[in-house]
Amino acid sequence: MTNSTIAADLGRTIAQRRRELAVTQEDLAALAGVSVRFLSSLERGKPTVRLDTLVAVLDVLGLELHTRVRNAA
C-alpha cells in the first residue's frame, strides 16, 4: 500500500462518517479546530497531513486510527 492509497482510503472513511452523522464540512472543521480547507484536502486524500490535526478530526467523528503489521508475502 502506498501513502497515496492509505490517504485516499482514510479520506473516504472520514467523508463517509461525516455524511452518516449529517455534519457539514464547516461544522466538522469548527468542532475539530481545523480549517475547512484542511478538512476538504483530507477528505480528498491529500497524503501530507499533520497527525495532530488528523487525530482531532477522527476524535470528533468517533473514529480511531489503528496500525497492524503487514502480512509478509
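Residues numbered from 1 in each chain as written. Predicted model: local features only at pLDDT ≥ 70, side-chain atom pairs only at ≥ 80, totals over all residues. Heavy atoms only, no water.

Close approach of charged atoms lets side chains of opposite charge pair. Throughout the structure, instances matching the rule amount to four salt bridges. The residue Arg17 makes a salt bridge to Glu20 at a minimum N-O spacing of 3.6 Å. With a gap of three residues between them, Arg17 and Glu20 both fall in helix 1 (residues 3-20), about one helical turn apart. On the basis of relative accessible area, Arg17 is assigned to the partly exposed category, the value being 27%. Ionic pairing is found between Glu43 and Arg18, a salt bridge with its closest N-O pair at 2.6 Å. Placement of the pair is Glu43 in helix 3 (residues 36-43) and Arg18 in helix 1, with a sequence separation of 25 residues. The pair Glu43 / Arg18 is uniform in exposure class, with both members buried. (Salt bridge = Lys/Arg side-chain N within 4 Å of Asp/Glu carboxyl O. Helix = DSSP H or I, 4+ residues; strand = E, 2+ residues; numbered from the N terminus. Buried < 20%, exposed > 50% of the residue type's maximum accessible area, 1.4 Å probe, protein only.)

Spatial relationships are all this shows, so hold off on functional conclusions.
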